[in-house]
Amino acid sequence: MTHPVHKKFEFGTVFGDSGDVVARAAPPPKKFFTPEEVEDIRRTAYAAGESSATARAQMAQAAALQTLSDAAQQGLGGLTEAIREHKAAAVRLALVCAQKIAAEALDRFPGAPLKAALDALGQEIEPATRLVLFTSNASDEVKVAAEEAAMMAGYQNGVQFRDNPALPKGAFEVVWSDGRAEYNPQSVFEVLERALTEALEAESYHQSRAQAAHE
């Protein structure tokens with residue numbers, strides 16, 4: 001014989017001694033909906049789905065923009081390096097061209113650098129009692145140019161010439177009573193090359209600092 005199952009009766013709402021609601025049972029799930037309620041549920045679910053799709057699209061767009069930004073940054077870095085290398089190559093080419101031009105000018109006018117130096121030293125050598133010129137195998141043209149420049153500067157005594165084979169072509173050293181001056185075209189180009197290299201390095205350093213600050 002099957003005995004019936006008895007279920008304990010529970011009050012949906014429990015009141016306290018003062019009449020306040022102490023506990024309230026959750027309403028049972030609704031099993032039947034009106035057409036209007038079904039339409040409201042459908043609209044709510046559609047809106048939620050659309051919002052989720054929009055969020056995913058926005059996330060994909062943000063990721064794509066970040067990828068483009070990273071690629072652009074890498075491209076700009078490569079472009080900056082290419083510009084830097086181009087400038088360095090241009091500087092080296094300019095120095096080579098300057099050396100070629102200077103060598104050609106020295107062949108055509110061998111006494112010009114010495115004459116310019118003596119003109120600039122006019123006030124120094126004018127009161128001197130002795131003027132010695134050290135060169136490497138000075139030609140007659142160079143000697144004549146030196147004597148004429150010394151006379152134009154106010155030096156009245158004769159110029160003494162000394163041969164120094166260690167000096168490169170176009171280089172000379174002028175020694176007078178209380179001073180001396182020297183000129184070496186190779187040293188001039190070395191100083192110029194070092195100055196240009198330092199300028200390029202300084203520009204590269206400031207660009208890297210600015211790029212790091214921007215990032």
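On a predicted model such as this, the values are computed, not experimentally measured, just so you know. (Residues numbered from 1 in each chain as written. Predicted model: local features only at pLDDT ≥ 70, side-chain atom pairs only at ≥ 80, totals over all residues. Heavy atoms only, no water.)

1. Topic: the pairing of strand β3 (residues 131-135)
A large share of β3 lies buried, amounting to 4 of its 5 residues. Bridging between β3 and strand β5 (residues 172-176) involves 5 bridges; their strand directions are antiparallel. If you follow Leu-131 over to β5, its bridge partner there is Trp-176. The sheet contact formed by β3 and strand β4 (residues 160-163) spans 4 bridges and is parallel. Residue pairing for β4: Val-132 is matched across the bridge by Gln-160. Read as a crossover between parallel neighbours, the route from β3 over helix α4 (residues 140-152) to β4 is right-handed. (Buried < 20%, exposed > 50% of the residue type's maximum accessible area, 1.4 Å probe, protein only. Helix = DSSP H or I, 4+ residues; strand = E, 2+ residues; numbered from the N terminus. Pairing = 2+ DSSP bridges. Right-handed = clockwise from strand over helix to strand, strands pointing away.)

2. Overview of the pattern of salt bridges
Summed over all chains, the structure comprises 3 salt bridges. The partner of Arg-108 in a salt bridge is Glu-104, and the shortest N-O contact between them spans 3.3 Å. In this pair, Arg-108 and Glu-104 are both assigned in helix α1 (residues 35-108), 4 residues apart and thus about one turn of the helix distant. Taking relative accessible area as the criterion, Arg-108 reaches 58% and is therefore assigned exposed. Salt-bridge contacts for Glu-173 lead to Arg-180; the nearest nitrogen and oxygen are separated by 2.4 Å. Here the salt bridges do not stand alone but share partners, grouping Glu-173, Arg-180 and Glu-182 into one network. (Salt bridge = Lys/Arg side-chain N within 4 Å of Asp/Glu carboxyl O.)

3. With respect to the pairing of strand β6 (residues 179-183)
For β5 and β6, the ladder comprises 5 bridges, and the chain directions are antiparallel. Of the residues in β6, the one forming a bridge with Trp-176 is Gly-179. Linking β5 back to β6 in an antiparallel pair, the connection comprises 2 residues.

4. Some words on the environment of Glu-148
Along the chain, Glu-148 falls in helix α4. The exposure class of Glu-148 is partly exposed, given its relative accessible area of 48%. When the C-alpha atoms of Glu-148 and Lys-115 are compared, they prove to be 8.1 Å apart, with 33 residues separating the residues in sequence.

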